[in-house]
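Summary of the model geometry
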Amino acid sequence: MKNNLGMLCAGLAAFAIAFAATKVWDSPRAERSVHDATANQPTALPPATTVPGMVWIHGGEFTMGTDSELGWPDEKPAHRVRVDGFWIDETEVTNSQFAAFVEATKYLTTAEQTPSVEEILAQVPPGTPAPSKDMLVAGSLVFTMTDGPVDLQNYSQWWKWTPGANWKHPEGPESNLDDREQHPVVHVSWDDAVAFAKWADKRLPSEAEWEFAARGGLIEKPYVWGDDPPSDTRVFANIWQGAFPHTNLKTDGFIRTAPVRSFQPNGFGLFDMAGNVWEWCADAYDRDAYAGNNGLEALSNPLVESGFDPRNPRSASRSQRGGSFLCNDRYCSRYRPSARHGLSPDTGMSNVGFRCVKSP
Ligand SMILES: [Ca+2]
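Computed from a predicted structure; not experimentally measured.

1. Details of the overall build of the chain
Counting its secondary structure elements, the chain contains five helices and 12 strands. Across the 360 residues of the chain, 50% fall into the buried class.

Put into structure tokens, the structure is as follows:
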């Protein structure tokens, strides 16, 4: 189904985007506890085998979420979680890797399929007018820089429904993947990511696994690299420098996606755990997933199976992590390791990709 088109028909009222609202991000950082000393301590011997392109994460107990003022409500409260060991891809899945999957399976992504009126109307508020015939074509939502400052609540200012946009044509039919083989694949839906993972004998990470891996062994740090907030001149990841969405200073070298491995890896040797593209997780997105989780007992391998996404109430949103090249510290800073986001599972966009994990 093509919920991204449905959301456009609904006037983007329910459109869940990487950066939901303006917020002041210069508030002082909260004091950090050090009760997380067991994080990244091995709970078992690593497996004897290795998996090419993947890093073994031996699991353990850690503090998931945050109580920091940097965090959005869906990141709170901080709570204790324990995850078993797993392998995780060193990088986001690249165009080259996704091409191998499509070549082997002839898989057709969601963005390459023509939506039906029925599919769209099932996901928008009752009474929403049916989309016009010219909108019933395969396509995806493409980020388009604006000419100047715009109302940051009006996502349609910079997200354009683009017929013919898909993973092979990221900016529309005229674009291609030349020199982008090592960029993360984009315009993939959750369904597409799950299909790839099954083919690769892998799976999508749980939010808990993803966050444990993203923290790279650091204890309750606000960023995957530590304490220092990024700025227009201080670069740690592929995010947005300058005034969103009209001025990109490109200090990090990239206006859109960057080749994987372009920035320093985190403490576990994982690349782009902040920025570049959002990464689908296995969990259903639930705004209130952590409510009541601030007890003393650590949760073991949590996985959210159903939830409520207030920005997308008619679709069973799935969680994404990591932020993207569109994130800006003055706007949402959702490239922090505790930051969460929900998006309809049948939606891909210019800044949505994934990586996989594998259990022993
Ligand atoms: Ca950038």
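2. Topic: the pairing of strand β3 (residues 79-83)
Along β3, the buried face is formed by H79, V81 and V83; none of R80 and R82, which line the opposite face, is buried. Inspection of the sheet shows strand β2 (residues 60-64) paired to β3 by five bridges, in the antiparallel sense. Following the sheet pairing, M64 is matched in β3 by H79. Across two bridges, the pairing between β3 and strand β8 (residues 299-300) is parallel. Residue R82 lies in a different strand from β8, and its bridge partner there is S300.

3. Comments concerning helix α4 (residues 190-199)
Listed as buried for α4 are W190, D192, A193, F196 and A197. Along α4, the residues classed as buried sweep out an arc of 160 degrees about the axis, all on the same side. D201 occupies a position one or two residues after α4 and carries a positive phi of about 60 degrees.

4. Quick look at the sheet that holds β3
The strand order across the open sheet built from three strands is β2-β3-β8, with neighbouring strands paired in mixed fashion. With partners counted over all chains shown, the strands left at the sheet margins are β2 and β8, one partner each.

5. Some remarks on the sheet that holds strand β9 (residues 318-321)
Strand order in this open sheet of four strands is β10-β9-β7-β11, and the pairing throughout is mixed. On the outer flanks of this sheet lie β10 (341-343) and β11 (352-353), each paired with one strand and no other. For strand β7 (residues 278-284) and β11, the ladder comprises two bridges, and the chain directions are parallel. Paired with E279 across the two strands is G353, which belongs to β11. Set on the sheet, helix α5 (residues 207-215) makes contact with β7 and β9; between it and β9 the angle comes to about 5 degrees.

6. So, the environment of W167
Mapping W167 onto the fold places it in the loop between β6 (159-163) and α4. Residue class for W167 comes out buried when judged on the 22 C-beta atoms lying within 10 Å of it. For the pair W167 and F98, spaced 69 residues apart in sequence, the C-alpha to C-alpha distance is 9.0 Å.

7. A few points about unusual backbone geometry
Geometrically, the link from K76 to P77 is a cis peptide bond, its omega value of -5 degrees lying close to zero. Mapped onto the elements, P77 comes out in the loop between β2 and β3. The backbone of K250 sits at a positive phi, close to 60 degrees, despite the residue not being glycine. Looking at the secondary structure, you find K250 in the loop between α5 and β7. By the C-beta count within 10 Å, which is 11 here, K250 ends up exposed. Unusually for a residue other than glycine, D272 sits at a positive phi of about 60 degrees. You can see D272 is positioned in the loop between α5 and β7. Residue class for D272 comes out buried when judged on the 31 C-beta atoms lying within 10 Å of it.

8. Digging into the nonpolar core
Membership of the largest hydrophobic core comes to 65 residues, with the highest contact counts inside it found for I88, V188, A193, L204, A213 and V352. Every element with two or more residues in this core is listed here: β2, β3, β4 (86-89), β5 (139-143), β6, α4, α5 and β7. It is α5 that provides the largest number of residues to this core, a total of five residues. Those residues within four positions of A193 in sequence are excluded, and the remaining contacts are V188, L204, W280 and F354.

9. With respect to helix α2 (residues 95-105)
Among all positions in α2, only N95, Q97 and F98 are buried. Buried positions in α2, seen along its axis, are confined to an arc of 165 degrees and lie on one side of it. Counted as exposed and oriented over 90 degrees from the buried face of α2: E103 and A104. Those residues of α2 that are buried are in contact with α4. At the exit of α2 stands K106, carrying a positive phi of roughly 60 degrees.

10. Examining the environment of H79
For H79, the position within the fold is in strand β3. Between the C-alpha atom of H79 and that of T63, which follows or precedes it by 16 residues, the distance is 5.4 Å. Leaving out residues up to four positions away in the same chain, H79 has contacts with M64, G65, Y290, N293 and N294.

Cut-offs applied
- Within any chain, residue numbers begin from 1 and follow the written order of that chain's sequence.
- At least 70 in pLDDT is required for a residue's local features to be given in this predicted model, at least 80 for side-chain atom pairs to be given and counted, and no such filter applies to totals for whole chains, interfaces and linings, which use all residues.
- Think of it this way: any DSSP run of H or I at least four residues long counts as a helix, any run of E at least two long counts as a strand, and we number them from the N terminus.
- Counting other C-beta atoms within 10 Å of a residue's own tells you its class, since 20 or more makes it buried, 12 or fewer makes it exposed, and anything in between is partly exposed; those C-beta atoms are placed from the backbone.
- The rule for pairing is simple: two strands pair if DSSP sees at least two bridges between them.
- By construction, the arc corresponds to the directions joining the helix axis to the C-beta atoms.
- Working definition of a contact: two residues with C-beta atoms, positioned from the backbone, lying within 7 Å.
- Only the contacting stretch of a helix is used when fitting its axis, a line to C-alpha atoms as for every element, and angles between N-to-C directions run 0 to 180 degrees.
- As used here, a nonpolar core is made of buried Ala, Val, Leu, Ile, Met, Phe, Trp, Tyr and Cys residues. They are joined through C-beta atoms within 7 Å.

None of this, on its own, says anything about what the molecule does.
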